[in-house]
Amino acid sequence: MESLAVDAVGVTKNFGPVRAVDDITVRVAEGEVYGVLGPNGAGKTTFLRMLFGLIRPDAGTIRVLGRTWDEDGVAVLDGVGGFIESPRFYPYLTGRQNLEGLLLLDGGAPAGLLDEVLDLVEMSDRVDQKVGGYSYGMRQRLGVAASLLREPRLLVLDEPANGLDPAGIRDMRALVKRLAASGLTVLLSSHDMDEVEEICDNVTIMKRGTVAFHGTIAALRTRAPDPGHLLATTDDDRALGLAREHPGLRVVRGAATGLVVTGPTPQVSAYVAAIVQARIDLLALSQTQTPLEALFFMLTDDAHHQTLDRPAAPAGAVR
Ligand SMILES: Nc1ncnc2c1ncn2[C@@H]1O[C@H](COP(=O)(O)OP(=O)(O)OP(=O)(O)O)[C@@H](O)[C@H]1O
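Here the structure is a predicted model, which is why all the values come from computation and not from measurement.

**Here's the deal with the sheet that holds strand β4 (residues 59-64)**
Move 1: Judged by pairing direction, the sheet is antiparallel, and its 3 strands sit side by side in the order β2-β1-β4 without closing on themselves. The sheet is open, and its two borders are formed by β2 (18-29) and β4, each paired with just one other strand. Pairs of neighbouring strands in the sheet enclose a mean axial angle of 15 degrees, with direction left out of account.
Move 2: As defined by bridge partners, strand β1 (residues 4-15) adjoins β4 across 5 bridges and the pair is classed as antiparallel.

**Some points on the packing of helix α5 (residues 136-148) against helix α6 (residues 166-181)**
Move 1: Where α5 contacts α6, the two axes come as close as 9 Å, and the packing angle between them is 15 degrees. For the element pair α5 / α6, the angle class is roughly parallel. Here the hand of the crossing between α5 and α6 comes out right-handed. Only Gly168, Asp171, Met172 and Leu175 of α6 make contact with α5, whose side of the interface consists of Tyr136, Gly137, Gln140, Arg141 and Val144.
Move 2: Residues of the contact of α5 with α6, tallied by class, amount to 4 nonpolar, 3 polar and 2 charged.

**Description of the confidence of the model for the protein**
Move 1: Residues at a pLDDT of 70 or more form 94% of the protein, whose mean pLDDT is 87.
Move 2: Taken element by element, the protein is modelled with least confidence in helix α12 (residues 302-305), mean pLDDT 43, and with most confidence in β1, mean pLDDT 96.
Move 3: Complex prediction metrics read pTM 0.80 and ipTM 0.94.

Procedures and definitions
Residues numbered from 1 in each chain as written. Predicted model: local features only at pLDDT ≥ 70, side-chain atom pairs only at ≥ 80, totals over all residues. Pairing = 2+ DSSP bridges. Helix = DSSP H or I, 4+ residues; strand = E, 2+ residues; numbered from the N terminus. Axes fitted to C-alpha atoms, helices over the stretch in contact; angles between N-to-C directions. Parallel < 35°, antiparallel > 145°, perpendicular 65-115°, else oblique. Left-handed = near helix turned anticlockwise from the far one by under 90°. Contact = placed C-beta atoms within 7 Å. Nonpolar A, V, L, I, M, F, W, Y, C, P; charged D, E, K, R; others polar. pLDDT = per-residue confidence, 0-100.

Take a look at the structure:
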């Protein structure tokens, strides 16, 4: 049997009347990058906090690298690194001083590990500057460095790209990929489908504490709906009339201007060609959402939930 870095089964957590996590099962294989995806309030952070033992589940069992709190106490955290929400540092100390302080608390580290870790998070050239002058992205990367000093086998990151600018997002995604390539298991939460699609092997999509989807990114793609396109022309009325010849498409007026066209891409292309042939000029054509973004909203948004033609996969391992 493949070994599991995280084996969480039937986990439930209530805060008074709020059921933040409702009977979820998440299994993360060693060596993979696993995403827990969901909109704000879906229960992602609550789940990650339970992995770290910061709060205890009301029901279910959580095994992390083979250990549980009930059997192993604080030893459950051996081999686990990461941070919930944002990492905290002393702003008036340099990055290096902050990390050296942590190493001191931990009783030291193998020679060369600090430099190796700084290299990995691409902070070597900034580490002797004060943390107070760091960008948010640099602090996040320093947080990952601090976690790596414990040489974890499992790294847990709560929305690592949240609040970063586009360059920071790119750097953080590249870092997670490098960490995965080095054999580390990474479990991260996110509310960004693009991010999870780019860096994760498997995903659990949470909706109000429950699992709305569980499986591979490839399996998720097969359920994605047709993409929507926003179309603007010099004569939207005539373009809308032409849609009658293309019954495989849904063409409606956009909320502000233009037309929203939904359907298989080849049929959208044929419709656009017909518009041009009718001597109507195209002003703009763009995708409203990627198919996976559209699926994410369908899975997690009550208003759209009914439109999904297949029921959500049950919780549980698909592998
Ligand atoms: N300590 C707490 N006390 C009371 N309610 C809480 C507590 N922590 C979380 N909740 C509630 O539990 C639900 C899930 O919250 P959680 O923070 O886990 O969601 P999330 O998916 O991580 O969202 P976000 O992306 O906003 O962090 C929310 O309704 C939240 O208000």
